[in-house]
Amino acid sequence: MQNITANELAKIHWFAVPDGFLLLDINSGSVLRIDEDTANCLERLQAGEQPLADDAEILAELAELKQQGLLFSDDAYQDKYEPPAPVLKSLCLNVCHDCDLRCRYCFASTGSFGGKRARMSFEVGAAALDYLLEHSGKRRFLEVDFFGGEPLLNINVVKQLVAYGREREKEYGKTLRFTFTTNCVGLTPEISAWAEAENVSVVLSHDGRPEVHDRQRVFANDKGSYQLVTEHIKQFLAQNSRGNAIVRGTYTAFNKDFCEDIKHWLDLGFPRLSMEPAVELDGERCLHESDLPQLKEEYWKLAKLFEQRRVDGQPFEFFHFKLDLKHGPCLPKRLTGCGAGYEYLVVTPEGELYPCHQFVGREGFKMGDLADGITEHGQKLSEQFRQAHVYNKKSCRVCWARFFCSGGCHANAELFHHDIMQPYELGCQISQMRLECAIWLAVKEVEQCS
Amino acid sequence: MKHIQVVISGKLQQTAKTGGCGSCQSSCQSACKTSCTVGNQACEK
Ligand code: SF4
Ligand code: SF4
């Protein structure tokens, strides 16, 4: 009887889904449905046991699929991976280190990033756009995200910069794609109309049910912002015919039942959604390892809701479930991840450069500034980030999710381990559970189409 | 086959040669941003 080696077992990942079992061939991205007998057989082999006599048929099927190149595929790079040259393709402009909310979980110390409250001038912003256009090599599509603090507190500069960018991009034959991320307090109909006219994508922050939202997203006087923000988002979405806006929320230990918040959004008529776990070192909002079983249940609840609504003809989008298994991104893209520090940089109101928005103000992570460019220290940092890819990270090398997750968030790794090479484990486990849901949903879609 | 059914036949390894143009969106994974899992990004080609 044929057998499967430990090496081969490491090239696949199988898991239970609501209607059976799925198997992912990690290196090729093939997905197969397997029956319970196959799952049990694989479990036995994984545990180092010998296959049963009854397993012969299963092993023969696995061998045949291997022959067809659908199973146990080899890694295309196998230690020969060299990340792309450091060419900038995206910039985050922290146009305002200040905020009109005091969200309790804010990583940016409610907008100030631990420093002084400041706004970016048009001159600094324009120099940043020039820097991006100059340092982006042959890249045609470039992204600029207006971030903060709260970018709408500096909306006049944001508007001027979009106009400036639209002029400059022509000279370079490039396309700038603008986004802003807002708490929606200052989102007036006029700004909404401007964003629509200028094709600026928008990320709208909202946390779901009124009591959940108001517990975290408060004004300086401690009053919740739910009512105002909800009205503003409704007003915004009513004008947003392009469909380039997403409502995103953060869940904490207080709303591990976040599926209810997503249902609340659906009741409000919000169609494109994302919900993320807050990342904190400690405190009452902090998620712990012991929460994982409940979170897993919650993601599956959400996946089933997603599927049900799709079948009923009332679909919605959920960012982490948007997985195209047939035409997803190429392998090189999956290995570069966010590109922080070498493809993506953030500019502070003063024109300083950092690897990404989360590193702003973190000791030792300043890379330089717009006036003098990247310092020698910045170049070293850039190289460290560039080399922080899945093949160089011990836990990612053996992780089944590596080509979807691409190595996790460096900022979280640094926060928890003071080492960008060591991913934040809880984040990994959440990514993995979300991915299993997403793969199941992608399979359901394919099955429905055929 | 009795036990196994192929749903999606992937060819990810081949894209190591064909891909890498870098035109696609960058993808932050942190809670505070647009936060996309890389696997869900669209290819620009
Ligand atoms: S889930 Fe964690 S271990 Fe797996 S690839 Fe992502 S960061 Fe690496
Ligand atoms: S390091 Fe983390 S927060 Fe920064 S861009 Fe990358 S994924 Fe986003």
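Residues numbered from 1 in each chain as written. Chains lettered and ligands numbered in written order. Predicted model: local features only at pLDDT ≥ 70, side-chain atom pairs only at ≥ 80, totals over all residues. Heavy atoms only, no water.

Regarding the packing of helix 2 (residues 36-46) of chain A against helix 3 (residues 56-67) of chain A
Helices that pack against each other are described as a pair by the angle of their axes relative to one another and the distance between those axes.
Residues and elements named next belong to chain A.
Move 1: Orientation of helix 2 relative to helix 3, taken along the N-to-C sense of each, is 90°, at an axis distance of 10 Å. Accordingly, the angle class assigned to the pair helix 2 and helix 3 is roughly perpendicular. For the pair helix 2 and helix 3, contact is made by Asp37, Thr38, Cys41, Leu42 and Leu45 and by Ile58, Leu59 and Leu62, respectively.
Move 2: Residues of the contact of helix 2 with helix 3, tallied by class, amount to 6 nonpolar, 1 polar and 1 charged. (Axes fitted to C-alpha atoms, helices over the stretch in contact; angles between N-to-C directions. Helix = DSSP H or I, 4+ residues; strand = E, 2+ residues; numbered from the N terminus. Parallel < 35°, antiparallel > 145°, perpendicular 65-115°, else oblique. Contact = heavy atoms within 4.5 Å. Nonpolar A, V, L, I, M, F, W, Y, C, P; charged D, E, K, R; others polar.)

Points about the packing of helix 9 (residues 259-268) of chain A against helix 10 (residues 292-311) of chain A
Residues and elements named next belong to chain A.
Move 1: Following both chains from N to C, one finds helix 9 and helix 10 inclined at 30°, their axes separated by 9 Å at the closest point. Relative to helix 10, the element helix 9 lies roughly parallel. On helix 10, the residues that touch Cys259, Glu260, Ile262, Lys263 and Leu266 of helix 9 are Glu298, Lys301, Leu302, Leu305 and Arg309.
Move 2: Of the residues in the contact of helix 9 with helix 10, the class split is 5 nonpolar, no polar and 5 charged.

Overview of the sheet that holds strand 13 (residues 344-347) of chain A
All names here are of chain A.
Move 1: The 11 strands are arranged 12-11-10-9-8-7-4-13-14-15-16 in an open sheet whose pairing can be described as mixed. The two strands at the open ends of the sheet, each matched to only one other strand, are strand 12 (317-318) and strand 16 (373-374).
Move 2: When strand 11 (residues 272-277) meets strand 12, the two strands line up parallel, connected through 2 bridges. Each residue of the ladder has a partner; that of Leu273, found in strand 12, is Phe318. (Pairing = 2+ DSSP bridges.)

Digging into unusual backbone geometry
All names here are of chain A.
Move 1: Omega for the peptide link from Gly148 to Gly149 comes to 0°, which places this bond in the cis form.
Move 2: Counting through the fold element by element, Gly149 comes out in the loop between strand 7 (141-147) and helix 5 (155-172).
Move 3: Although it is not a glycine, Asn199 adopts a positive phi angle of roughly 55°.
Move 4: Position of Asn199 among the secondary structure elements: in the loop between helix 6 (189-197) and strand 9 (201-205).
Move 5: The class of Asn199 is partly exposed, set by a relative accessible area of 39%. (Buried < 20%, exposed > 50% of the residue type's maximum accessible area, 1.4 Å probe, protein only.)

Comments concerning the nonpolar core
Residue and element names in this part refer to chain A.
Move 1: If you look at the biggest cluster of nonpolar residues, it comprises 127 residues, and the most contacted ones within it are Leu93, Phe146, Phe180, Leu204, Ile262 and Ile439.
Move 2: Counting residues per element, this core draws most heavily on helix 16 (residues 425-449), at 12 residues.
Move 3: Setting aside chain neighbours within four positions, we find Ile439 in contact with Phe15, Leu22, Leu24, Val31, Leu323, Leu325, Trp400 and Phe404.
Move 4: Formed by 19 residues, the second largest nonpolar core is a distinct cluster that contains Leu9, Leu32, Leu45 and Leu65. (Core = buried A, V, L, I, M, F, W, Y, C linked by side-chain atoms within 4.5 Å.)

Section: the sheet that holds strand 1 (residues 4-8) of chain B
Move 1: Taken together, 4 strands build an open sheet; the order of strands is 1(A)-2(A)-3(A)-1(B) and the sheet is antiparallel. With one partner strand each, in any of the chains shown, strand 1 (12-17) of chain A together with strand 1 of chain B form the two edges of the open sheet. Taking the axes of each pair of neighbouring strands and ignoring which way they run, one obtains an average angle of 25° across the sheet.
Move 2: Looking at chain direction, strand 3 (residues 31-34) of chain A and strand 1 of chain B are connected through 4 bridges and run antiparallel.

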